[in-house]
Amino acid sequence: MSHPQPRNPLHGVTLERILTRLVEHYGWEGLGEIINLNCFTHEPSIKSSLKFLRKTPWAREKVESLYVKHLGSMN
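Residues numbered from 1 in each chain as written. Predicted model: local features only at pLDDT ≥ 70, side-chain atom pairs only at ≥ 80, totals over all residues. Heavy atoms only, no water.

**Student:** Would you explain the packing of helix 1 (residues 15-34) against helix 3 (residues 46-55) in this entry?
**Tutor:** For any two helices packed against each other, the geometry comes down to the angle between their axes and how far apart the axes lie. Direction vectors running N to C along helix 1 and helix 3 enclose 125°, while the axes themselves pass 11 Å from each other. Taken together, the axes of helix 1 and helix 3 lie oblique to each other. Classified by chirality, the crossing of helix 3 by helix 1 is right-handed. Facing helix 1, whose interface residues are Leu 15, Glu 16, Leu 19, Thr 20, Val 23 and Trp 28, helix 3 presents Ile 46, Ser 49, Leu 50, Leu 53 and Arg 54. In the contact of helix 1 with helix 3, the residues fall into 7 nonpolar, 2 polar and 2 charged. (Axes fitted to C-alpha atoms, helices over the stretch in contact; angles between N-to-C directions. Helix = DSSP H or I, 4+ residues; strand = E, 2+ residues; numbered from the N terminus. Parallel < 35°, antiparallel > 145°, perpendicular 65-115°, else oblique. Left-handed = near helix turned anticlockwise from the far one by under 90°. Contact = heavy atoms within 4.5 Å. Nonpolar A, V, L, I, M, F, W, Y, C, P; charged D, E, K, R; others polar.)

**Student:** Mind showing me how you'd approach the environment of Asn 8 here?
**Tutor:** Here Asn 8 lies in the segment before helix 1. Among the residues examined, Asn 8 registers a relative accessible area of 31% and is labelled partly exposed. Between the C-alpha atoms of Asn 8 and Val 68, which are 60 residues apart in sequence, the distance is 9.6 Å. (Buried < 20%, exposed > 50% of the residue type's maximum accessible area, 1.4 Å probe, protein only.)

**Student:** Just to check I follow, could you spell out unusual backbone geometry for this structure?
**Tutor:** Glycine aside, residues mostly have negative phi, and peptide bonds are mostly found in the trans state. Even without a glycine there, the phi angle at Glu 43 is positive, about 50°. Structurally, the position occupied by Glu 43 is in the loop between helix 2 (38-41) and helix 3. Glu 43 gets classed as exposed once you look at its relative accessible area, which sits at 77%.

**Student:** How do you make sense of helix 4 (residues 57-69) when you look at a structure like this?
**Tutor:** Each α-helix turn comprises 3.6 residues. Residues three or four places apart therefore point the same way. A rise of 1.5 Å per residue sets the reference length of helix 4, with its 13 residues, at 18 Å; its end C-alpha atoms lie 18 Å apart and thus fit the reference within 8%. Turning to helix 4, its buried residues are Ala 59, Val 63, Glu 64, Leu 66 and Tyr 67. Taken around the axis of helix 4, the buried residues stretch over an arc of 160°, which confines them to a single face. Along helix 4, exposed side chains directed more than 90 degrees from the buried face belong to Pro 57, Glu 61 and Lys 69. (Expected span 1.5 Å × (residues − 1). Arc of directions from axis to C-beta.)

**Student:** What should I look at first to understand the pattern of salt bridges in this one?
**Tutor:** When the charged atoms of two side chains lie near each other, side chains of opposite charge can form a pair. Enumeration according to the criterion identifies 1 salt bridge in this entry. Of the charged contacts in the structure, one is a salt bridge between Glu 64 and Arg 60, with a shortest N-O distance of 2.9 Å. Placement of the pair is Glu 64 and Arg 60 together in helix 4, with a separation of 4 residues, close to one helical turn. Take Arg 60: its relative accessible area is 31%, and that puts it in the partly exposed class. (Salt bridge = Lys/Arg side-chain N within 4 Å of Asp/Glu carboxyl O.)

Here you go:
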């Protein structure tokens with residue numbers, strides 16, 4: 001059973017989509033400067049970053065927060 005979340009900007013958006021949009025907007029180098037994570041600064045890839053972010057809730061929160069903060073400027 002799903003619960004409608006009309007005010008949640010992350011509802012229905014996958015982590016992969018969030019990360020892809022951030023990389024398109026900032027690039028790996030820019031993203032690594034904003035959120036200093038090894039998965040963004042040392043041999044970054046979508047696959048390895050997703051693996052890390054799915055296992056690390058505090059890092060995922062930072063990525064999601066950046067996405068929501070800059071959602072309007074990335075459209």
